[in-house]
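Results of the structural survey
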Amino acid sequence: MSNVETSGRLGKQRRDNVRGGRQHSHRVKVSPEEEGMLVARAAAAHVTVPRLLVEAALSDGRETPADRRNLAAELLAIRGLLRAVSNNVNQIAKHANTTGELPGTTAATLRAVDDLSGRIDEIARRV
């Protein structure tokens, strides 16, 4: 079993160990500004800087495993929000059917639907 750092439900920060270990290492010198950007990008991707560099270099310009994992986490979060919003829409419909009036939460709920739709569209564009 490999010794792997984790970052909550997003998964692994470090790559899995390989049989026989990794035989090669590379040293890269960066400026303080480059270091800051690398650390920020690695943190945003929930990976270590070495993993970020390896995945980016080997991805052939395509999305990395960390990118896919983060997109999946974002979609799961949106799914949870959609469940909550759909519950609100059902409550609004029930109230409207019973009283003939829309409750005051209708506009906010519809904005939430629109916001979630926009987030889904943004993810679709990134894929």
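Located above this text is the structure these notes cover.
Residues numbered from 1 in each chain as written. Predicted model: local features only at pLDDT ≥ 70, side-chain atom pairs only at ≥ 80, totals over all residues. Heavy atoms only, no water.

**Section: the pattern of salt bridges**
Close approach of charged atoms lets side chains of opposite charge pair. Scanning all chains against the criterion turns up two salt bridges. In this structure, Arg51 engages Glu55 in a salt bridge whose closest nitrogen and oxygen atoms are separated by 2.7 Å. Pair noted here: Arg51 and Glu55 are both in helix H2 (residues 49-58), with a separation of four residues, about one helical turn. For the residue pair Arg51 and Glu55, the accessibility class agrees, reading buried in each case. We note a salt bridge from Glu122 to Arg125, for which the minimum N-O separation is 3.4 Å. On the criterion of helical spacing, the pair formed by Glu122 and Arg125 is a turn pair, its members being three residues apart in helix H4 (residues 106-126). Of the residues examined, Arg125 reaches a relative accessible area of 59% and is grouped as exposed. (Salt bridge = Lys/Arg side-chain N within 4 Å of Asp/Glu carboxyl O. Helix = DSSP H or I, 4+ residues; strand = E, 2+ residues; numbered from the N terminus. Buried < 20%, exposed > 50% of the residue type's maximum accessible area, 1.4 Å probe, protein only.)

**Topic: the layout of surface pockets**
In this structure, the second largest pocket occupies an estimated 350 Å³ of space. Looking at the second largest pocket, it is lined by 18 residues, and the ones nearest its centre are Arg41, Ala45, Leu52, Thr64 and Asp67. Only helix H1 (32-45), H2 and helix H3 (65-99) provide two or more residues apiece to the lining of the second largest pocket. Tallying contributions element by element places H1 first for the lining of the second largest pocket, with six residues. Residues that form the lining of the second largest pocket fall into these classes: nine nonpolar, two polar and seven charged. (1 Å grid on protein atoms, 1.4 Å probe; cavity = no way out; pocket = protein on both sides within 12 Å on 5 of 7 lines; lining within 4 Å. Points joined across faces, edges and corners; volume = space filled by probe spheres on them. Nonpolar A, V, L, I, M, F, W, Y, C, P; charged D, E, K, R; others polar.)

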